[in-house]
Amino acid sequence: MDAPAPNAANAKAQTVGPVPTGYYRWEPEEDDVLICRAVREETHDVKTFVFAPRHKRQFEFVSGQFLTFEFEIDGATIHRCYTISSPPTRPDTVSITVKRVPNGPVSNWLHDAFQPGMMLKATVPMGEFSWSGMQATQYLFISGGSGITPMMSMTRSAFDLALISDIAFVHAARSPADIIFRDELDFMSRRNRSIRPTFIVEKDGPRDAWSGYRGRFDDSKLAMICPDFRDRVVFVCGPAPFMRAVKTTLKEAGFDMSRYHQESFNFDDFTEEAQEQIADAAEEIDSGVKVFQLEFTKTGRTIECPEGLTVMEAARRAGMRLPSSCSKGLCGTCKSKLVSGAVDMKHGGGIRQREIDAGMALLCCSKPKTDLVIER
Ligand SMILES: Cc1cc2nc3c(=O)[nH]c(=O)nc-3n(C[C@H](O)[C@H](O)[C@H](O)COP(=O)(O)OP(=O)(O)OC[C@H]3O[C@@H](n4cnc5c(N)ncnc54)[C@H](O)[C@@H]3O)c2cc1C
Ligand code: FES
């Protein structure tokens, strides 16, 4: 059922003039289905998917936030997060821009099977990787590969609003053919001189030789492309090794890291960290650390979790597959009901206080404090 128009009260009080048309916000708790309106090819392995709600609704989000989608592929339900690449200034639709990942079930299904007219379920926009609320006027965006999407949303928004923010936008790609949104960034920079894109590529493409910056991101390129980087707020997104290199370069150049923000799309860092946790936990078991029993009511399994390990890692270690996407307490995919027991949960915004009060927890970032019974 449609909610009352937000301007209904004002409309009653008005005696003259047209009643302003209110808008309805997209509320996934009322209807979480989005329809694909268009599919656009960006590069040979990157596509943009444009979505609208089933009923006339507008999206409310801040640039840099992501949606978690639910996919039914080969009989399995899978969740994945995708950053909104469109800006909040164009609220009738949202776009996501997806790079094919070799052997990845979802990215390949989207590229090969997903068509305009098809539908997907999605959650409310989430995430805190955003310039929203910041007072800075000078930014340095550094992205690699599909990590361009949050920066693109911010840049499109700055363009639409004719903001005077000075944006130095450095994007790294494998070859000229892999540069996502190249034409649009060039177009925006021609129309608004405060948007300054620079591309760095590793090698020539099959058809185009590259005369711009070449190789990996490093201190000498940083100094040439953006000599005043120390005065800026920096946003970085890309593959884990790329972000590590950028972070090290900035740190060694004396950048004030309190103005550094990063977002990771892949789990390599998490996996490394998890491997260390698992190794530590194994040692701890030997050295007599406390071990909790985790009982899963739906699968009927009970596993052991050494103190200090998350429920998700303990499950993985025991060969159980629990639903997860971000693995960082952001997306809510792993949200589960704790039937009994207590956890230490350090989440990143993927759960609401009222859900915590109702006994829910995000298993990817919850460490047991007692034995647990979990509805899974
Ligand atoms: C907060 C968040 C935002 C994201 N936004 C985007 C986005 O805007 N665009 C996008 O294409 N993807 C994005 N991703 C990644 C996306 O959720 C999927 O992981 C990706 O599409 C691969 O899914 P898959 O099922 O095909 O393969 P999976 O089985 O999920 O992944 C297979 C392997 O590829 C690695 N991998 C995952 N994503 C990438 C990637 N983008 N580039 C290189 N390696 C990767 C994984 O670490 C894993 O080792 C985001 C992820 C998160 C957590
Ligand atoms: S997997 Fe995203 S919050 Fe746990």
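Residues numbered from 1 in each chain as written. Chains lettered and ligands numbered in written order. Predicted model: local features only at pLDDT ≥ 70, side-chain atom pairs only at ≥ 80, totals over all residues. Heavy atoms only, no water.

In the nomenclature of an unreviewed UniProt entry, the protein chain is known as Hybrid-cluster NAD(P)-dependent oxidoreductase of Jiella flava. We quote the UniProt Sequence similarities (unreviewed entry) comment for the protein chain here in full: "In the N-terminal section; belongs to the FAD-binding oxidoreductase type 6 family." Under the UniProt heading Cofactor (unreviewed entry), the entry covering the protein chain gives this text: "FAD". (UniProt positions renumbered as here; feature names shortened; annotations may be inferred.)

Visitor: Account for the overall build of the protein chain, with residues named and values stated.
Guide: When you go through the protein chain residue by residue, the secondary structure sums to 9 helices and 19 strands. In the protein chain, which comprises 376 residues, the proportion classed as buried is 47%. In the protein chain, the proportion of contacts linking residues at least 24 apart, taken out of those at least 6 apart, comes to 65%. When the accessible area of the protein chain is evaluated, it comes to approximately 18,800 Å², of which 49% is carbon and sulfur surface. (Helix = DSSP H or I, 4+ residues; strand = E, 2+ residues; numbered from the N terminus. Buried < 20%, exposed > 50% of the residue type's maximum accessible area, 1.4 Å probe, protein only. Contact = heavy atoms within 4.5 Å. Areas by Shrake-Rupley, 256 points an atom, 1.4 Å probe, with all protein chains shown as cover.)

Visitor: Which residues make up the pattern of salt bridges, and what values do they have?
Guide: All told, the structure shown has 19 salt bridges when counted by the stated rule. Two residues, Arg-216 and Glu-202, come together in a salt bridge whose shortest N-O distance is 3.7 Å. In this pair, Arg-216 sits in the loop between strand S10 (213-214) and helix H5 (219-225) while Glu-202 sits in the loop between strand S9 (195-201) and S10, placing the two residues 14 residues apart along the sequence. For Arg-216, a relative accessible area of 61% translates into the label exposed. Here Arg-316 and Glu-313 are joined by a salt bridge, their closest N and O atoms 2.9 Å apart. (Salt bridge = Lys/Arg side-chain N within 4 Å of Asp/Glu carboxyl O.)

Visitor: Please give an account of the site of ligand 1 that cites residues and values.
Guide: Within the structure, ligand 1 sits among 21 residues, and Arg-80, Cys-81, Tyr-82, Lys-99 and Ser-107 are positioned closest to it. Take Thr-97: an N or O atom from its main chain is 2.9 Å from a nitrogen atom of ligand 1. Gly-104 is positioned such that a nitrogen or oxygen atom in its backbone is 3.3 Å from an oxygen atom of ligand 1. Here ligand 1 has 880 Å² of accessible area as a free molecule, and 83% of this is covered by the chains. Elements with a minimum of two residues in the shell around ligand 1: strand S4 (76-83), strand S5 (94-99) and helix H2 (105-113). Here the shell around ligand 1 gets 4 residues from one element, more than from any other, and that element is S4. Considered class by class, the residues forming the shell around ligand 1 number 10 nonpolar, 7 polar and 4 charged. (Near = heavy atom within 4 Å. Polar contact = N/O pair within 3.5 Å; in protein donor to acceptor, adjacent residues only side chain to side chain. Nonpolar A, V, L, I, M, F, W, Y, C, P; charged D, E, K, R; others polar.)

Visitor: Which residues make up the sheet that holds strand S13 (residues 291-296), and what are the values?
Guide: Reading across the sheet, the 5 strands line up as S14-S13-S19-S15-S17 and stay open at both edges, with mixed pairing between neighbours. Of all the strands in the sheet, the pair left with one neighbour each is strand S14 (302-306) and strand S17 (360-362). Neighbour-to-neighbour, the strand axes of the sheet open up by a mean angle of 40°, direction not taken into account. Of the strand pairs in this sheet, S13 and S14 are connected by 5 bridges, and their pairing is antiparallel. Its bridge partner lying in S14, Gln-293 is registered against Glu-304. (Pairing = 2+ DSSP bridges. Axes fitted to C-alpha atoms, helices over the stretch in contact; angles between N-to-C directions.)

Visitor: Which residues make up the packing of aromatic side chains, and what values do they have?
Guide: Any aromatic ring pair is given by two values, namely how distant the centres are and how the planes are angled relative to each other. Enumeration over the complete set of coordinates arrives at 17 aromatic pairs. Here the aromatic rings of Trp-26 and Phe-59 are separated by 5.2 Å at their centres, their planes lie at 55°, and the arrangement is tilted. Linking Trp-26 in the loop between helix H1 (8-13) and strand S1 (33-43) with Phe-59 in the loop between strand S2 (46-53) and strand S3 (66-73), this pair joins segments that are 33 residues apart in sequence. Pair check on accessibility: Trp-26 and Phe-59 agree, each one buried. The structure contains a cluster of three or more aromatic residues connected by ring pairs, namely Phe-49, Phe-51, Phe-69, Phe-71, Tyr-82, Trp-109 and Phe-114. Sitting over the face of the ring of Phe-181, Arg-156 holds its NZ or CZ atom 4.7 Å from the ring centroid. (Phe/Tyr/Trp six-rings, centres within 6.5 Å; stacked < 30°, edge-to-face > 60°. Lys NZ or Arg CZ within 6 Å of the ring centre and 35° of its normal.)

Visitor: Which residues make up the environment of Asp-31, and what values do they have?
Guide: Residue position: Asp-31 is located in the loop between H1 and S1. Each C-alpha atom, one on Asp-31 and one on Arg-54, is 8.1 Å from the other, the two residues being 23 residues apart in sequence. Among the polar contacts listed, one links the side chain of Asp-31 to the backbone nitrogen of Val-33, at a separation of 3.2 Å.

Visitor: Quick rundown of the side chain of Thr-249? Include the residues and the values.
Guide: Looking at the secondary structure, you find Thr-249 in helix H6 (residues 240-252). Contacts of Thr-249, omitting those with residues within four sequence positions, involve Phe-217, Asp-218, Asp-219 and Leu-222.

Visitor: Account for the state of the cysteines, naming residues and giving values.
Guide: Under the defined criterion, the tally for this structure stands at 0 disulfides. Of all cysteine sulfurs in the structure, the one in Cys-364 sits closest to Cys-365, which takes part in no disulfide; the separation is 4.2 Å. (Disulfide = S-S within 2.5 Å.)

Visitor: So, the packing of helix H3 (residues 148-160) against helix H4 (residues 182-191): which residues are in play, and what are the values?
Guide: Here H3 crosses H4 at 30°, and the two axes come no closer than 11 Å. Classified by the angle between their axes, H3 and H4 sit roughly parallel to one another. In terms of crossing hand, the pair formed by H3 and H4 is left-handed. Residues Ile-148, Met-152, Thr-155, Arg-156 and Phe-159 of H3 touch H4, and the partners they reach there are Glu-184, Leu-185, Phe-187, Met-188 and Arg-191. For the contact of H3 with H4, a count of residues per class yields 6 nonpolar, 1 polar and 3 charged. (Parallel < 35°, antiparallel > 145°, perpendicular 65-115°, else oblique. Left-handed = near helix turned anticlockwise from the far one by under 90°.)

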